[in-house]
Amino acid sequence: MRYLLAGGGTAGHVNPLLALAEMITAQEANTEIVVLGTCEGLESRLVPERGFELFTIAKLPFPRTLNLYALGFAPRFIKAVVRTVKLMRSRRIDAVVGFGGYASAPAYAAAKLLGVPYVIHEANALPGIANRAGAFGTEWVGVTFANTPIRGAKVIGMPLRKEIAELDRAAQRASAAQFFGLDANRKTLLVTGGSLGARGINEGIAAGAAQFAAAGVQVLHIWGEQTESTAVTVAGYKILPYCDRMELAFSLADFVISRAGATTVSEIAGLSLPAVFVPYRHGNGEQARNCAEVVNAGGALLAEDAEITPEWVKMQLLPLLQNDYELRLMSERAGRSACLNGTEQLYEMVRRALRA
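Let me sum up the structure you'll find in this document.

The rules behind each value
Starting from 1, residues in each chain are numbered consecutively following that chain's sequence as written. In view of the model being predicted, local features appear only for residues whose pLDDT reaches at least 70, and side-chain atom pairs are presented and counted only at 80 or more, with totals across whole chains, interfaces and linings using the full set of residues. Side-chain measures here rest on the full set of heavy atoms in the structure, leaving out hydrogens and waters. Segments assigned H or I by DSSP are reported as helices when at least four residues long, segments assigned E as strands when at least two residues long, and all are numbered from the N terminus. Put simply, the radius of gyration uses C-alpha atoms, and a globule should come to 2.2 Å times the residue count raised to 0.38. Type-normalised accessible area, obtained with a 1.4 Å probe on protein chains alone, sets the label of each residue: buried when under 20%, exposed when over 50%, and partly exposed for intermediate values. Between the N-to-C directions of two axes lies an angle of 0 to 180 degrees, each axis being a line fitted to C-alpha atoms and, for a helix, fitted only over the stretch in contact. Comment on the angle field: the value is read as roughly parallel under 35 degrees, roughly antiparallel over 145, roughly perpendicular from 65 to 115, and oblique elsewhere. A contact between two residues is defined here by any heavy atoms of the two lying within 4.5 Å. Under the convention adopted here, Pro, Cys and the residues Ala, Val, Leu, Ile, Met, Phe, Trp and Tyr are nonpolar, Asp, Glu, Lys and Arg are charged, and Gly plus all remaining residues are polar. In this tally Asp and Glu are treated as negative and Lys and Arg as positive; neither His nor the chain ends contributes. The salt bridge criterion pairs a side-chain nitrogen of Lys or Arg with a carboxyl oxygen of Asp or Glu, the two atoms within 4 Å. Strand pairing follows a simple DSSP-based rule, namely that at least 2 bridges must link the two strands. A clockwise turn of the near helix away from the far one marks a right-handed crossing, whereas an anticlockwise turn of less than a right angle marks a left-handed crossing. When the centres of two rings from Phe, Tyr and Trp lie within 6.5 Å, Trp using its six-membered ring, the rings pair. Their planes under 30 degrees apart give stacked, over 60 give edge-to-face, and anything left gives tilted. In this scheme, the term charge over a ring applies when either NZ of a lysine or CZ of an arginine sits within 6 Å of the ring centre and within 35 degrees of the ring normal.

Considerations on the overall build of the chain
And step 1. In terms of regular secondary structure, the chain is built from 16 helices and 13 strands.
And step 2. By the compact-globule yardstick of 21 Å for 356 residues, the chain fits well, its C-alpha radius of gyration being 21 Å.
And step 3. For the chain, the C-alpha atoms occupy an extent of roughly 65 × 50 × 35 Å along the three principal directions.
And step 4. Within the chain, buried positions represent 49% of all 356 residues.

So, in structure tokens, the structure goes:
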């Protein structure tokens, strides 16, 4: 079989694409996969690094206002579709799977013109324009979250990388503690705001470092590589600018404070980790919607950046961290609200589309 996987721009599009690509190659012998993306997105680096072929088209954001760009959008979009049609014909593509982003809309249009089945996966609770429009041309639409407003959607979860989907946290805890230089026997709070960091989370939690130490809680704080970190000299408080072994960080964690990107929410809830999500409030508000399901299920709490202060740590967070019964309940509720087999479910959807 020959697949065209389309998407990119952000990690939220690229990572599930790569998870599916790796499952296809593991399940099918002599298969071919071509990834359609742009030169500007993360796919330009991550796709070749993982050993997959990348074919690029021009970055074409959908116009949102009537201006000179909007007037020239149609011919540029047609050019991208024609280029994609030529690619699909030359490579004899059997199925297209799109994950949103700039490359997906031309891929959906080309698939429709050629009569090739296409499948859509929408990672976020608030779908993008490409996937919303593409959903009108296919019956095969998978979403991560049940509250995603997109036509014909079936909840299948988030395609996750194998290191997370198959993670045995208990078995890895001791080696994770050794890797980070922390104590496997102490309760551990994991704090992460993503690669860009999160100023409110970072500064608010770091300011409470002494309180965590006094309560016997150690902190693994992934600060964000693009943000200058504050020096914390309290024992048991580990700051990292970046972590490329998140499976180990999750293995050591008993509780998480995090932003609410779709992949992050899916990983944390899927691993039955209780959490406080602090959604990024700029943009279209999708992060608050991403974590709504697990919050409503009682597996996580919601907080604003401005709330994360030493007083909040003292009055809200530490009492929760010291309540083992409540943590167990949150863990169970989180696990019931998410799944770790999104990659398998998406792959099965693709196979059904091919048989239809």
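Additional details are given in the paragraphs that follow.
Digging into the packing of helix α8 (residues 199-207) against helix α14 (residues 310-321)
And step 1. At a closest axis distance of 7 Å, the pairing of α8 and α14 adopts a crossing angle of 70°. When the axes of α8 and α14 are compared, the pair comes out roughly perpendicular. Within the contact between the two elements, α8 uses G204, I205 and A207 and α14 uses P310, W312, V313 and L317.
And step 2. Its residues placed into classes, the contact of α8 with α14 shows 6 nonpolar, 1 polar and no charged.

As for the side chain of E267
And step 1. The residue E267 is located in helix α11 (residues 262-270) in this model.
And step 2. Salt bridges are absent for the buried E267, whose nearest opposite-charge side chain, R161, sits at 4.1 Å.
And step 3. Apart from the residues lying within four places of it in its own chain, the contact partners of E267 are L160, R161, I164 and F250.

Regarding the sheet that holds strand β8 (residues 187-192)
And step 1. Read across the open sheet, the 6 strands follow the order β10-β9-β8-β11-β12-β13; overall the sheet is parallel. Looking at which strands have only one partner, the edges of the open sheet turn out to be β10 (237-240) and β13 (300-302). Here the strands of the sheet are splayed against their neighbours by 15° on average, with no regard to which way each runs.
And step 2. The pairing of β8 with strand β9 (residues 217-222) spans 6 bridges and is parallel. The residue bridging L189 from the neighbouring strand is V219, located in β9.

A few points about the pattern of salt bridges
And step 1. With the rule as written, the count across this model stands at 16 salt bridges.
And step 2. For E326, the salt bridge goes to R333, with nearest N and O atoms at 3.9 Å.
And step 3. A residue is classified by how much of its surface remains accessible, and E326, at 25% relative accessible area, is partly exposed.
And step 4. Given a relative accessible area of 27%, R333 falls into the partly exposed group.

With respect to the environment of V85
And step 1. One can find V85 in helix α3 (residues 68-91).
And step 2. Each C-alpha atom of the pair V85 and A107 lies 8.1 Å from the other, and the pair is 22 residues apart in sequence.
And step 3. Excluding residues that lie within four positions of it along the chain, V85 makes contacts with A110, L113 and L114.

Some thoughts on the packing of helix α1 (residues 11-27) against helix α16 (residues 342-355)
In helix packing, the relevant descriptors are the interaxial angle and the interaxial distance, both defined with respect to the helix axes.
And step 1. Viewed as axis vectors pointing N to C, α1 and α16 meet at an angle of 70°, and their least axial separation amounts to 10 Å. In terms of their interaxial angle, α1 and α16 are classed as roughly perpendicular. Here α1 and α16 pass one another in a crossing that is right-handed. Taking contact as the criterion, the partners of A19, L20, M23, I24 and Q27 in α1 are, on α16, T343, E344, L346 and Y347.
And step 2. Within the contact of α1 with α16, the residues separate by chemical class into 6 nonpolar, 2 polar and 1 charged.

Comments concerning the packing of aromatic side chains
And step 1. On inspection of all chains with the given rule, the structure shows 3 aromatic pairs.
And step 2. Considering the side-chain rings of F73 and F77, the 5.6 Å spacing of their centres and the 25° angle between planes classify their relative orientation as stacked. Residue F73 and its partner F77 are located together in helix α3, separated by 4 residues, close to a single helical turn.
And step 3. The class for F73 is buried, based on a relative accessible area of 11%.
And step 4. Ring plane angle 90° and centroid distance 5.0 Å describe the contact between F179 and F180, whose orientation is recorded as edge-to-face.
And step 5. The exposure class of F179 is partly exposed, given its relative accessible area of 47%.
And step 6. Its end group placed over the ring of F179, R245 keeps NZ or CZ at 5.6 Å from the ring centre.

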